[in-house]
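Survey of secondary and tertiary structure
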Amino acid sequence: MCIRDSLEKRMKDSKEYLMKVGYEEIVLEDFLESVIEVIEKVKKSSITVSELIDLFCDKVRSDSLVMYARFLTGGYLKANAILYETFLDEGITIEDFCRMEVEPIDRECDQMQITALLNYVEIPVEILYLDSSAKATEASLVRIPESADPSKVFVKLLYRPGHYDIL
């Protein structure tokens, strides 16, 4: 199965997954509908670069995609809390962390959230990290998962302290 088909299946199965960790169906439906709509449009081999840019630059659609990615991230963190709890400040639960740091639309994404999302979608990604320290002379490259074949990585991100950009 190609990555696109695998991602489409993961998205179609995601509502059930998210409901098992406590998200309500009514909250998920509209956001998931936007995700599936974008996947269907991107699947068309006739889509132009201009149409693709317009698709992702539409504010309402873009916000819906980001919100659903936040739900997927929170869902994965909640379903796998034992893997992430040790990275939280004392007294903060995964549920609290998701409510305060993952789900709000105006919060920046950090390493833990990126890792959780990538683990859910199962798409190999390369992240180029720019270090803000004065001693850093070059960026470092991280591939997730580390075992991914570099020729199969088609998503590349640039991390500038506090922010990820798609390259």
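It should be noted that the structure appears before, not after, this text.
Residues numbered from 1 in each chain as written. Predicted model: local features only at pLDDT ≥ 70, side-chain atom pairs only at ≥ 80, totals over all residues. Heavy atoms only, no water.

What to know about the pattern of salt bridges
- Overall, the coordinates contain 14 salt bridges when judged by the stated rule.
- Notably, a salt bridge pairs lysine 9 with aspartate 13, separated by 2.6 Å at the nearest N-O pair. Placement of both lysine 9 and aspartate 13 in helix H1 (residues 3-20) is noted, with a separation of four residues, approximately one turn of the helix.
- When its relative accessible area of 46% is taken as the criterion, lysine 9 is described as partly exposed. (Salt bridge = Lys/Arg side-chain N within 4 Å of Asp/Glu carboxyl O. Helix = DSSP H or I, 4+ residues; strand = E, 2+ residues; numbered from the N terminus. Buried < 20%, exposed > 50% of the residue type's maximum accessible area, 1.4 Å probe, protein only.)

Description of the packing of aromatic side chains
- A complete count under the given rule lists six aromatic pairs for this structure.
- Each ring, one from tyrosine 17 and one from tyrosine 120, has its centre 4.8 Å from the other, and the planes form 40°; the classification is tilted. Placement of tyrosine 17 in helix H1 and of tyrosine 120 in helix H7 (residues 111-121) is noted, with a sequence separation of 103 residues between them.
- Seen from their ring centres, phenylalanine 31 and phenylalanine 71 are 5.6 Å apart, and the 75° between their planes marks the pair as edge-to-face. Here phenylalanine 31, found in helix H2 (residues 25-43), pairs with phenylalanine 71, found in helix H4 (residues 59-79); they are 40 residues apart in sequence, far enough to count as distant.
- On the basis of relative accessible area, phenylalanine 71 is assigned to the buried category, the value being 6%.
- Each member of the aromatic cluster is reached from another via a ring pair, and the members are Tyr23, Phe31, Tyr68 and Phe71.
- Looking at arginine 10, its charged tip hangs above the ring of tyrosine 120, at a distance of 4.2 Å from the centre. (Phe/Tyr/Trp six-rings, centres within 6.5 Å; stacked < 30°, edge-to-face > 60°. Lys NZ or Arg CZ within 6 Å of the ring centre and 35° of its normal.)

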